[in-house]
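Residue strings, one per chain:
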Amino acid sequence: MPRRVAIVGAGQTDHRSHRPDATGRELIHEAVTRALADCELTIKEIDAIVIGNMDHFESINYVDAWSVEGSGGVMKPIMKVTTGGTTGTSVAVAAYYHVASGMFDRVLAIGWEKNSESDTTAAIITCSDPIWDRFSYSGAIPSLATEATGYMKWSGATQEDAARVAVRDRAHAVNNPYAHLRKPITVEEVMASPMLAYPIKLLDVCPRTDGACAVVFASEGLAEKMASKPAWVKACAVRHSLTWFGDFDFNAGLMSLQRASKEAYAKAGITSPADQLDVAELYLPYSYAGLKWIEDLGFCGPGQAPKFVADGQTDMDGRIPVNPSGGVISTNCIGATALLRVAEAAIQIMGKGGARQVPDVKNALATGFGGCYWSDVVILSSQKS
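The rules we used
Residues numbered from 1 in each chain as written. Predicted model: local features only at pLDDT ≥ 70, side-chain atom pairs only at ≥ 80, totals over all residues. Heavy atoms only, no water. Salt bridge = Lys/Arg side-chain N within 4 Å of Asp/Glu carboxyl O. Helix = DSSP H or I, 4+ residues; strand = E, 2+ residues; numbered from the N terminus. Buried < 20%, exposed > 50% of the residue type's maximum accessible area, 1.4 Å probe, protein only. Phe/Tyr/Trp six-rings, centres within 6.5 Å; stacked < 30°, edge-to-face > 60°. Core = buried A, V, L, I, M, F, W, Y, C linked by side-chain atoms within 4.5 Å. Contact = heavy atoms within 4.5 Å. Expected span 1.5 Å × (residues − 1). Patch = residues over 30% accessible without salt bridge, like charges linked within 9 Å, V, L, I, M, F, W, Y side chains within 5 Å. Areas by Shrake-Rupley, 256 points an atom, 1.4 Å probe, with all protein chains shown as cover.

This paragraph deals with the pattern of salt bridges. Once their charged atoms are close, side chains differing in charge can pair, the charge on each being opposite to the other. Tallying each qualifying case throughout the model produces 24 salt bridges. Where D210 meets K114, a salt bridge forms, and the shortest distance between an N and an O atom there is 3.7 Å. A residue pair is termed long-range when its members are at least 10 positions apart, and D210 in strand β7 (residues 210-219) and K114 in strand β4 (residues 106-114) qualify at 96 residues. Residue D210 is classed as buried on the basis of its relative accessible area of 0%. Judged by its relative accessible area of 2%, K114 falls in the buried class. Between E344 and R356 there is a salt bridge; the shortest N-O distance is 3.0 Å. Of the two residues, E344 sits in helix α15 (residues 334-350) while R356 sits in the loop between α15 and β10 (363-370), which places them 12 residues apart along the sequence. This pair shows no difference in class: E344 is buried, exactly as R356 is.

Now the structure itself:
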């Protein structure tokens, strides 16, 4: 049986489109220092480190070794994990496994990206087949636009329905002092923003962010001493799908998310997600995901998401608050983006959210999304058993 594991500390950088004041190593150090301070540990007390980013974005080889001056991992076991957009949740899951195995007691998980010094599109398109897919898959936006148009066709959702997701997340980001984009927007502003690939407009999508996140995982017996209210890992699940984009049935929903969440819910005893989860930090890289994917997560039935969102069910005072942090639409340092979802879910459990805190959070959900339509799901709880 695996050991019980909890998150006891989390730290993140001040996120911006460009951080010329800090190198990649210094961004990592900023997040690590804040995470260690959050649980009153020193780097000497960390047993192992798991780190990840989109290493081909910055063209840095051996990121695990290159980063030690920032991570503090000199002469410590370090594992590098890179799985596209899900890198951050993969890092979290790997760190959890490190502790649950019994081999380590305190593990530091780190995700980071310096997007201002990277070429994301040139790197992203290499995930698609060069003969059959790459001519149409020219980056993230075209594939997401295909998903969005498919969802609109069968569900009847409108561009305004999607815009409400962006408006909600940007409104929540105002309360997050670390968020990249903290200016509220309106549905009218989303609709008037430049079209990128129909139906996706500029304000429907996430920014490019420089930033990092660090999370400390600890074993039962130690976790209770490091945090007054640890965030216990109740379940995690990972699903990867094909990289053949022409084989996707977009009308079937995001199957990797459906199957990962089903497994995680079963492990955590969740039968009615919208009622049993108190908050959700979802990897929503564009507004239409905030409709389609909450249906895949079982928050509401097929085709019901537009009304579910419009009725305020996902607002801060709604039935299941989504992205109190402002989410990916407000901050997107890709290697850290999914880890931020886990960190923010833990912050809600630990009651450290400040102005973005949802009252009395007992169960929290975090997700990660990868560019080839794969998904990670992590469920945290204030209850150890």
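Per the counting criterion, the structure on display carries seven aromatic pairs. Centre to centre, the rings of Y96 and Y97 are 5.7 Å apart; their planes meet at 50°, and the pair counts as tilted. Given the relative accessible area of 14%, Y96 is considered buried. Residue class for Y97 comes out partly exposed when judged on its relative accessible area of 47%. Within the aromatic cluster, the residues linked to one another by ring pairs are Y283, W293, F369 and Y373.

Within the largest apolar cluster, 52 residues are counted, with the highest numbers of intra-cluster contacts made by L282, F299 and L365. Counting residues per element, this core draws most heavily on helix α7 (residues 140-155), at five residues. With near-sequence residues (within four places) excluded, L282 lies in contact with I294, L297, F299, V322, N323, V328, R341, L365 and T367. Counting 41 residues, the second largest nonpolar core, distinct from the first, contains A10, V81, V91 and A336.

Turning our attention to helix α8 (residues 159-173). For α8, which comprises 15 residues, the first-to-last C-alpha distance of 22 Å matches the rise-based estimate of 21 Å (1.5 Å per residue) to within 8%. Buried residues dominate α8, accounting for 12 of its 15 residues. What α8 keeps buried is the set Q159, D161, A162, A163, V165, A166, V167, R168, D169, R170, H172 and A173. Where α8 is buried, its residues touch α7, α9 (187-192), β5 (195-197), β6 (200-201), α13 (289-296) and α14 (305-310).

Taken together, the side chains of I131, W132, L242 and W244 define a hydrophobic patch exposed on the protein surface, amounting to about 500 Å² of accessible area. Structurally, W244 can be placed in the loop between β8 (231-239) and α11 (255-268). Judged by relative accessible area, which is 36%, W244 ranks as partly exposed.

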